[in-house]
Amino acid sequence: MNIEYRISMKLRKHTGTWQAVIYFPPQNGRKHVRRTDSLGVTREDDAVKAFDAWKRTRLEYWLTWYRAGVQPNRGHSRTLVDLVRWHLEKRLPVDGLTPKTIDSYRVALSRFLEFCDERGYTSPNDIDAAIVLDWQQWLAEHYPLKSGRPQRPEEVRRLRRFFNDLLDFSDVAVPAIRWRVPGRPDGSHFRALSLRDLHRFLETMAHDAPGIALECAWLANSGWRLGELFALEDAHIDPSGLGIRFDRQTKTETPLITPLPPILLSILEVARARWITPGPIFRHPDGHPWTKDTFAGRLRRASRQHFGAPVCARDLRVTYETLLSTIGAPVRVAADLAGHKDPTVTVKHYQRPDVHAMQQWSSKITATITSPKLLNDLRHDAKLDNVQ
């Protein structure tokens, strides 16, 4: 299959980093597609070298990614079932999603197909603009959540990705759908703790919740997700004790490499000493492997009772990345420590503004721009010298 495409490199003004751009023009009934990769450099001469390396390593990936988006030929079946099967078996794997994540898409899309079957919808031609709103109401009736909470927004986002892929990779006619993604309950957004609050939180967990104190200390000092924490075994640790490597993460196919400074080595030593039998290093106090829901529930209850506010593992991850930016860590380093392939994900979703850091850097730049002499001249012109 001959694919027409154009490639270039472009400077992202809001981040100051260069990126590689690949553009597939409209062809064979498919709409144009544009994808980008961060080159992780800020200087143009470095970007040229990184762009040459990108063409040798990542260009073929995007060509394969585009080929995998090919729909059945016009004469073949275009039922919703076939399109969902294409999305799960071809589109999502080439984007690097793990089987576990794809299974979550499978659940949401199977419920959508169940809804369509009840309504008699078999092809995209049967879909109208209000289908998602009707589907959300149907979900609330057939798959209600506990405590009467609104339907999870993740299911709606997975369906939206399915429709977006149909628009990007096929000539299937999809109407302009009206979307309403449910918001999270008040106070449930992820936040970054201040350094003082983080110290108080860790001390509180060590004193009042010793069963999860080591896990909290590791999350706060590594920025890990729960999936990697509960999957960590001795096989992942370098024999010399220099670092930890996961060939792929539980959420994405991107490798995760974590160095082992003295603090993390000490936490590992204590965690290993608790168990004799082989298996995960971090376990439930009864010796069984943790589950995400069990740990998350215990952490939420303990933090609300003893710390005074609910804290989740994602809060600790956001705090870790925010503190990295506060001490001046390069964006590429922060992204690698978080296991993100694209540094813009780290900046956009994980680093929160720090008022004290903003004040410090603002003072530095204003002192550079405005000299004391100019300030005195301005005061003199405004006749402020005689103001008591």
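About the thresholds
The residue count restarts for each chain, going from 1 along the sequence in the order it is written. For a predicted model such as this one, the threshold for reporting local features is a pLDDT of at least 70, and the threshold for listing and counting side-chain atom pairs is 80 or more; totals across whole chains, interfaces and linings nevertheless cover every residue. Processing note: side-chain calculations cover all non-hydrogen atoms of the structure and skip hydrogens and water entirely. Each helix corresponds to a stretch of at least 4 residues labelled H or I by DSSP, and each strand to a stretch of at least 2 residues labelled E; elements are numbered beginning at the N terminus. Using a 1.4 Å probe on the protein chains alone, a residue whose accessible area is under 20% of its type maximum counts as buried, one over 50% counts as exposed, and one in between counts as partly exposed. Residues count as neighbours in contact if any of their non-hydrogen atoms are within 4.5 Å of one another. With residues, only the protein chains shown are counted as cover, and all accessible areas are computed by Shrake-Rupley using a 1.4 Å probe. Working definition: a ring pair exists when centres of Phe, Tyr or Trp rings (six-membered ring for Trp) sit within 6.5 Å. Plane angles under 30 degrees give stacked, over 60 give edge-to-face, the rest tilted. Confidence scores per residue from the predictor, reported as pLDDT, run from 0 to 100. A pair of strands counts as paired when DSSP detects no fewer than two bridges linking them. Lines fitted to C-alpha atoms define the axes here, with helix axes fitted over just the stretch in contact, and angles between the N-to-C directions of these axes take values from 0 to 180 degrees. By definition, a salt bridge exists where a carboxyl oxygen of Asp or Glu is found within 4 Å of a side-chain nitrogen of Lys or Arg. The span you would expect from a helix comes to 1.5 Å times its residue count less one. Throughout this description, any angle smaller than 35 degrees is read as roughly parallel, any larger than 145 degrees as roughly antiparallel, any in the 65 to 115 degree range as roughly perpendicular, and the remainder as oblique. Left-handed describes a crossing in which the near helix is turned anticlockwise from the far one by less than a right angle; the clockwise case is right-handed. All residues other than Ala, Val, Leu, Ile, Met, Phe, Trp, Tyr, Cys, Pro, Asp, Glu, Lys and Arg, Gly among them, are scored as polar; the first ten of these are nonpolar and the last four charged. To qualify as a nonpolar core, a set must consist of buried Ala, Val, Leu, Ile, Met, Phe, Trp, Tyr and Cys residues joined through side-chain atoms within 4.5 Å.

A. Focus on the overall build of the chain. The helix and strand inventory of the chain stands at 16 helices and five strands. Residue burial in the chain is summarised as follows: out of 388 residues, 39% are buried. Here the contacts in the chain between residues at least 6 apart in sequence split such that 58% fall between residues at least 24 apart. With an accessible surface of roughly 22300 Å², the chain has 55% of that area assigned to carbon and sulfur atoms.

B. How the structure looks around the packing of aromatic side chains. Throughout the structure, instances matching the rule amount to 14 aromatic pairs. Where Trp 218 meets Trp 224, the ring centres are 5.4 Å apart and the plane angle is 75°; that geometry is what we call edge-to-face. Here Trp 218 matches Trp 224 in class, with each residue buried. Pairwise contacts between aromatic rings join Phe 112, Phe 115, Tyr 121, Trp 135, Trp 138, Phe 162 and Phe 163 into one cluster.

C. Seen up close, the side chain of His 284. On the secondary structure map, His 284 appears in the loop between helix H10 (262-273) and helix H11 (292-307). Here His 284 falls in the buried class, since its relative accessible area comes to 17%. Once you skip the residues sitting within four places of it in the chain, His 284 turns out to touch Trp 275, Pro 289, Trp 290, Thr 294 and Arg 298.

D. Here's a closer look at the environment of Phe 112. One can find Phe 112 in helix H4 (residues 99-119). Taking relative accessible area as the criterion, Phe 112 reaches 0% and is therefore assigned buried. Remark: the alpha-carbon pair of Phe 112 and Leu 80, spanning 32 residues in sequence, is separated by 9.8 Å. The contacts of Phe 112, once residues within four sequence positions are left out, are Ile 131, Trp 135, Leu 159 and Phe 163.

E. Focus on the confidence of the model for the chain. Chain-level statistics for the chain give a pLDDT mean of 79 and a share of 81% at 70 or above. Contacts for the low-pLDDT stretch residues 70-76, under 50 throughout, to residues beyond four places or in other chains number 12 contacts. Residue range residues 184-188 is modelled with pLDDT below 50. Its contacts to residues more than four positions away, or to other chains, number two contacts.

F. Expanded view of the sheet that holds strand E1 (residues 6-12). One open sheet holds the three strands; their spatial order is E1-E2-E3, and the pairing between them is antiparallel. With one partner strand each, in any of the chains shown, E1 and strand E3 (33-38) form the two edges of the open sheet. Strand-to-strand twist of the sheet, defined as the mean angle between neighbouring strand axes without regard to direction, takes the value 30°. The pairing of E1 with strand E2 (residues 17-24) spans seven bridges and is antiparallel. Each residue of the ladder has a partner; that of Lys 10, found in E2, is Gln 19.

G. Region of the structure containing the pattern of salt bridges. Evaluation of the coordinates by the stated rule reveals 10 salt bridges. Note that Glu 215 and Arg 274 form a salt bridge whose closest N and O atoms lie 3.5 Å from each other. In this pair, Glu 215 sits in helix H8 (residues 210-222) while Arg 274 sits in the loop between H10 and H11, placing the two residues 59 residues apart along the sequence. Taking relative accessible area as the criterion, Arg 274 reaches 29% and is therefore assigned partly exposed.

H. Fine view of H4. In a regular helix each residue adds 1.5 Å, so 21 residues correspond to 30 Å; H4 covers 30 Å between its end C-alpha atoms and thus fits that length. Residues of H4 that are buried include every one of Thr 101, Ile 102, Tyr 105, Ala 108, Leu 109, Arg 111, Phe 112, Phe 115 and Cys 116, and no others. Gly 120 sits one or two residues past H4 and shows a positive phi near 85°.

I. Spotlight on the packing of helix H7 (residues 195-208) against helix H12 (residues 313-326). Look at H7 against H12: their axes get within 11 Å of each other, and the N-to-C directions meet at 140°. On the basis of their axis angle, the class for H7 and H12 is oblique. Read as a crossing pair, H7 and H12 show a hand that is left-handed. Seen from H7, the contacting residues are Leu 195, Leu 198 and Phe 201; seen from H12, they are Leu 316, Thr 319 and Leu 323. Its residues placed into classes, the contact of H7 with H12 shows five nonpolar, one polar and no charged.

J. A look at the nonpolar core. The biggest cluster of nonpolar side chains holds 36 residues, and the ones touching the most others in it are Trp 218 and Leu 232. Elements that contribute at least two residues to this core include exactly H7, H8, helix H9 (226-231), strand E4 (243-246), H10, H11 and H12. For this core, the leading source of residues is H8, giving seven residues. Ignoring sequence-local partners within four residues, the contact set of Trp 218 consists of Gly 223, Trp 224, Leu 229, Leu 232, Ile 244, Leu 260, Leu 264, Ile 267, Leu 268 and Phe 282.

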